[in-house]
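Results of the structural survey
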Amino acid sequence: MRIIVQKFGGTSVDGERSRSKCMEHVKREIKNGYQVVVVVSAMGRKGEPYATDTLLSVVESTYLSNREKDLLLSTGELISASVFSSYLCKNGIATTVLTGGQAGIVTDDQFGEAKVLSVNPQRILEELKSGNVVIVTGFQGQTVTGETTTLGRGGSDTSATALGVALNAEFVDIFTDVEGVMTADPRIVKEAQLLKSVTYHEVCNLAYLGAKVIHPRAVEIAQQKNIPIRIRSTFSESMGTVITNKTETNHNVFKERLITGITQTPNLAQIKIMQDSRDVQAEVFRAMEQQGISVDFVNVNESEVVYTVSEEMAENAMRVLAKMQLRPEIKRNCAKVSVVGGGIAEVPGVIAQVVATLAKENITILQAADSHTTIWVLVEGEQMGKAVCALHKEFGLQRAVDYLEFRKLRQKVL
């Protein structure tokens, strides 16, 4: 049985025109000989009647337990799945709708942020053998005791790749309102290019650092069984971006495509604390953890502790530090700009190139750090776009070459 999993996001199923495009993608894969499993998100975005955030705004959430909140939020995908099922049936395509639990997705009991423990695809396989397209409600699962849970941010992506792995699908297609993974945010960089292929590791880095095209948790699940993911546009026949293991391509191309993309994380606050004891740093981070404040971009030396928090958590962080009788400095409206590429570790001088490029544009670097595949710089928020554009141009990403194209070019030369 050749199986393909197609995930349609909220904007893909929220109207007649978009549902028609989704149906065309389903029909095409049926014609190509695939058995199709569709995963849907709740319809629309915040403000629209059945969107997840809209459902949450209907109640006073502070008076609702996480368990009951998950029951409420799971209804958005149920509505979406039923509406899409009706649309397909109207057009001659037999369907079966399954909740996440009925589809065999078993989770832990962390309501609102449940983790997938296992997937039993038996019910799906039975329905596929009957010739039906199976429509599964994304973003949700069920505990071993039968409680409904939701999977948190990116939950429908996670549902799709978890089912893809369990069903040994040939592809998991994530349909959205963009063409695929880009070298930068096209709203910032007009010359941003579509990447036709990237590795699991690269796209996880891009996603963790601000690119919102797919949730990294979903990518990590697909990577376990090397199930290829395609990021595609609902409104196009383009194959978009293929995400797979680098062994499927040419490892040498890392040296040719030094940098994969530039991404950004806005709305950060930098906190700096002078210290005269190593105990201070441990106490600071322990206090942040106890208050549920996520910290990032940590630099620690003998005289100071520097880190960032989101702007929305900044006031709380400062209150906590004041209670500890510390006198932190805070710089608001900062942004983290990240340079991501699998070849960074193999080429010396990349961070020097980043620093020189930003200096040439009179962009002040507030902090910097690097790993074997990523270089991070913290800049003032109003300089974020300028920094992204400058680095995109410096590394030649306006003429990006993807792995598969490079392999073909190299073979021709040889």
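Shown above is the structure to which this text applies.
Residues numbered from 1 in each chain as written. Predicted model: local features only at pLDDT ≥ 70, side-chain atom pairs only at ≥ 80, totals over all residues. Heavy atoms only, no water.

**Details of the side chain of Asp 173**
- When you line up the elements, Asp 173 lands in strand E9 (residues 171-176).
- In this structure the side chain of Asp 173 is engaged in a polar contact, spanning 3.1 Å, whose partner is the side chain of Arg 232.
- Those residues in contact with Asp 173, other than ones at most four positions away along the chain, are Ile 4, Val 5, Gln 6, Lys 7, Glu 29, Arg 230 and Arg 232. (Helix = DSSP H or I, 4+ residues; strand = E, 2+ residues; numbered from the N terminus. Polar contact = N/O pair within 3.5 Å; in protein donor to acceptor, adjacent residues only side chain to side chain. Contact = heavy atoms within 4.5 Å.)

**A short note on the sheet that holds strand E13 (residues 261-274)**
- The strand order across the open sheet built from six strands is E14-E15-E13-E16-E18-E17, with neighbouring strands paired in antiparallel fashion. Among the strands making up the open sheet, the edge pair consists of strand E14 (296-300) and strand E17 (367-370). Between one strand and the next, the sheet's axes are offset by a mean angle of 25°, whatever the strand orientation.
- One ladder, built from seven bridges, connects E13 with strand E15 (residues 304-310); its direction is antiparallel. Bridge pairing in E15 places Gln 270 opposite Thr 308.
- Strands in contact with helix H6 (residues 200-208) are E13, strand E16 (329-340) and strand E18 (374-380); relative to E16, the strand with the most contacts, it is inclined by about 160°. (Pairing = 2+ DSSP bridges. Axes fitted to C-alpha atoms, helices over the stretch in contact; angles between N-to-C directions.)

**Quick notes on unusual backbone geometry**
- Of note, the phi angle at Asn 168 is positive, near 55°, even though the residue is not glycine.
- Along the chain, Asn 168 falls in the loop between helix H5 (155-166) and E9.

**Some thoughts on the sheet that holds strand E11 (residues 229-233)**
- If you walk across this open sheet you meet the eight strands as E3-E6-E2-E1-E9-E11-E12-E10, and the pairing is mixed. Pairing within the sheet leaves two strands with one partner each, and these edge strands are strand E3 (95-98) and strand E10 (197-199). Adjacent strand axes in the sheet meet at a mean angle of 20°, parallel and antiparallel pairs treated alike.
- The pairing of strand E1 (residues 3-8) with E9 spans five bridges and is parallel. Bridge pairing in E9 places Gln 6 opposite Asp 173.
- Sitting on the sheet, helix H4 (residues 122-129) is in contact with E1, strand E2 (35-40), E3 and strand E6 (133-137), with an inclination near 130° to E2.
- Set on the sheet, H6 makes contact with E10 and strand E12 (241-244); between it and E10 the angle comes to about 85°.

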